[in-house]
Amino acid sequence: MPSLWYKVDEDDADIATFFYYIGLAAKKAAPRKRRNLPLFTTEYVLGISAFTRRYFENLCSLFKAPFSLVLDNYQDAPISSEFHEMISTGLDDIPKGFNVLIISRKKSPPVFVRLRLNNKIQFLGWNEIRFTVEETKELFLMRTQRKLTDKILLQIYKKTEGWVAGLVLMLESLKLGMHDIDYQSLERLPHEGIFDYFKKEIFERRDRETQEFLLKTAFPSKMTSQLAEKLTGISTSRQILANLSENNYFIELFHGNETIYQYHTLFREFLLSRARDSFSPDSITLIQKTAAGLLQEYGQIEDAARLLHESNAFEGLTRLILEWAEHLIAQGRSQTLLEWLNFLPDKTIENNPWLLYWMGVCSLPFYPEESQVQFEKAFQSFKKQKDAPGTFLSLSGIVESIVYG
């Protein structure tokens, strides 16, 4: 079925980010449609509901039914953000033949109650998707070509409780190197043994070069083979990634202009934990800074900002902010920019009038009085530096903050 598959993450707390990337996806999925979806810029802040309804109407008009919009990893959107209210509003007017599928590891947010009462949304919960004992038996037979006694089967089911991913991990671990499956072998694989499985059955079975590759490439959340090669200095990066993918070693790939690879969340957490034990703090900082620089080259600025923040590379983060601030504001992503600014020490912001100016711009729609203070500080600093563009922009900001307030 034709669809758009959108991976939700914490950056969608700034709903302008969601609208921006859904717009890019729609443009790619419907290239013959010349109409671009609107950006959620500042003037729409006080009319989110109306904007959302029009946006979803325009989005649906680009495609013919049947069509599906999938929102994956929905649990990663902060529960306190406006994102959930926006989605709830958008789902109100989905036309017949269009479906929205929301995939989440958490319960639905409270704002979905209205949709539920109006019978506009249905839920498939844990009890509906968990495996039964019989399904566990079928999966085990399919993957191992061996039958289990009822006692062993029930023991496996008790450990996994029908959780499919955990079940697959357990079966893979039992399958490798074990001829007889009994209670003792099961006891050696507790629930918290998934990291042990990653360590013994994947990580330690790789050669030293591949191990180093895995640890270093865990820092960016996604990568191309070129980025991986530049980050690690390993010329066989493309082959390593292809091998990991072909062997289903907990890595996903997404096809586009370039193939993008992304480690499974649990596997990436394992690799990052292992990296912190294997590398010195200085080495980790260097890897993070290098990865951030490469991510900027490839336009993955959100991931770059996160790594620069984690490595306390404030000079690099400042350069990134000053380079991208105007673009983010034009895209309506003021909350994303404000989050990055808040990563910086207060002293860094106070000593840079452009950072003060962008703080004022981000605060303007929500806290006009605070933005006025920031514009005034920027104005005084620009005036001392005899920076004419900065002086006039900050002066304009002062007036605008007063009027907006």
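Everything numeric in this text was worked out from a predicted model, so none of it was measured.

Analysis parameters
- Residues numbered from 1 in each chain as written.
- Predicted model: local features only at pLDDT ≥ 70, side-chain atom pairs only at ≥ 80, totals over all residues.
- Heavy atoms only, no water.
- Axes fitted to C-alpha atoms, helices over the stretch in contact; angles between N-to-C directions.
- Helix = DSSP H or I, 4+ residues; strand = E, 2+ residues; numbered from the N terminus.
- Parallel < 35°, antiparallel > 145°, perpendicular 65-115°, else oblique.
- Contact = heavy atoms within 4.5 Å.
- Nonpolar A, V, L, I, M, F, W, Y, C, P; charged D, E, K, R; others polar.
- 1 Å grid on protein atoms, 1.4 Å probe; cavity = no way out; pocket = protein on both sides within 12 Å on 5 of 7 lines; lining within 4 Å.
- Points joined across faces, edges and corners; volume = space filled by probe spheres on them.
- Core = buried A, V, L, I, M, F, W, Y, C linked by side-chain atoms within 4.5 Å.
- Buried < 20%, exposed > 50% of the residue type's maximum accessible area, 1.4 Å probe, protein only.
- Salt bridge = Lys/Arg side-chain N within 4 Å of Asp/Glu carboxyl O.
- Pairing = 2+ DSSP bridges.
- Right-handed = clockwise from strand over helix to strand, strands pointing away.

(A) Seen up close, the packing of helix H6 (residues 133-144) against helix H7 (residues 150-160). Packing of H6 against H7 leaves a shortest axis separation of 10 Å and a crossing angle of 105°. Judged on the interaxial angle alone, H7 and H6 are roughly perpendicular. Within the contact between the two elements, H6 uses Val133, Thr136, Lys137 and Phe140 and H7 uses Leu153, Leu154, Ile156 and Tyr157. Broken down by class, the residue content of the contact of H6 with H7 amounts to 6 nonpolar, 1 polar and 1 charged.

(B) Summary view of empty space enclosed by the protein. One pass over the structure, following the stated rule, counts 2 cavities of 30 Å³ or more. Counted as a void, the largest cavity has a volume near 80 Å³. What lines the largest cavity is simply Leu4, Phe56, Leu59, Cys60, Phe67, Leu69, Ile94, Phe98, Asn99 and Val100. Going through the elements one at a time, helix H2 (48-61), strand S2 (67-72) and strand S3 (98-102) are the ones with two or more residues in the lining of the largest cavity. Among the residues forming the lining of the largest cavity, the class breakdown is 9 nonpolar, 1 polar and no charged. By volume, the second largest cavity is sized at about 60 Å³. If you trace the second largest cavity, you find it lined by Lys137, Phe140, Leu141, Arg146, Lys147, Leu148 and Leu153. Here the lining of the second largest cavity takes 3 residues from H6, the largest share from any one element. Of the residues that constitute the lining of the second largest cavity, the class distribution is 4 nonpolar, no polar and 3 charged.

(C) Representation of the side chain of serine 401 within the structure. Assignment of secondary structure puts serine 401 in helix H22 (residues 388-404). Apart from the residues lying within four places of it in its own chain, the contact partners of serine 401 are Leu364, Pro368, Ser371, Gln372 and Phe375.

(D) How the structure looks around the nonpolar core. The biggest cluster of nonpolar side chains holds 65 residues, and the ones touching the most others in it are Phe198, Tyr263, Phe267, Leu271 and Leu337. If one sorts the elements of this core by residue count, helix H20 (residues 353-363) sits on top with 7 residues. With 33 residues, the next largest nonpolar core counts Leu4, Tyr74, Phe83 and Phe98 among its residues.

(E) Quick peek at the pattern of salt bridges. Under the counting rule described, the total for this entry stands at 10 salt bridges. Salt-bridge contacts for lysine 230 lead to glutamate 297; the nearest nitrogen and oxygen are separated by 3.8 Å. Residue lysine 230 is found in helix H12 (residues 225-232), and its partner glutamate 297 is found in helix H15 (residues 281-297); the two are separated by 67 residues along the sequence. Under the relative-accessibility criterion, lysine 230 is labelled partly exposed at 48%. Among the salt bridges present, the one from arginine 306 reaches glutamate 310, with a minimum N-O distance of 3.2 Å. Highlighted residues: arginine 306 and glutamate 310, both in helix H16 (residues 301-310), separated by 4 residues, approximately one helical turn. Given the relative accessible area of 40%, glutamate 310 is considered partly exposed. Among the charged side chains, a salt-bridge network with shared partners connects Asp92, Arg114 and Lys120.

(F) Layout of the environment of valine 133. Residue position: valine 133 is located in helix H6. On the basis of relative accessible area, valine 133 is assigned to the partly exposed category, the value being 29%. Sequence separation between valine 133 and tyrosine 157 is 24 residues; the distance between their C-alpha atoms is 6.4 Å.

(G) Layout of the pairing of S3. Pairing geometry for S2 and S3, over 5 bridges, is parallel. The residue of S3 that forms the bridge with serine 68 is asparagine 99. In this view, the connection linking S2 to its parallel neighbour S3 by way of helix H3 (residues 83-91) has right-handed handedness.

(H) View of the pairing of strand S5 (residues 260-263). Both strand S4 (residues 251-254) and S5 contribute to a ladder of 4 bridges, which runs antiparallel. Bridged to isoleucine 251 within S5 is tyrosine 263. Taken together, S4 and the strand that follows it, S5, pair antiparallel across an intervening segment of 5 residues.

(I) Up close: the sheet that holds strand S1 (residues 3-7). An order of S1-S2-S3 is seen for the 3 strands of this open sheet, with the pairing classed as parallel. Pairing within the sheet leaves two strands with one partner each, and these edge strands are S1 and S3. If you compare each strand with its neighbour and ignore which way they point, the axes differ by 10° on average. Two elements, S1 and S2, share 5 bridges in a ladder whose sense is parallel.

(J) Broad picture of unusual backbone geometry. Cis rather than trans, the peptide bond between alanine 65 and proline 66 has omega equal to 0°. On the secondary structure map, proline 66 appears in the loop between H2 and S2. Of note, the phi angle at asparagine 73 is positive, near 55°, even though the residue is not glycine. Within the secondary structure, asparagine 73 sits in the loop between S2 and H3. You will see that asparagine 119, though not glycine, has its phi angle at about 55°, which is positive. Among the structural elements, asparagine 119 can be located in the loop between helix H4 (113-117) and helix H5 (126-129). Since its relative accessible area comes to 58%, asparagine 119 is described here as exposed.

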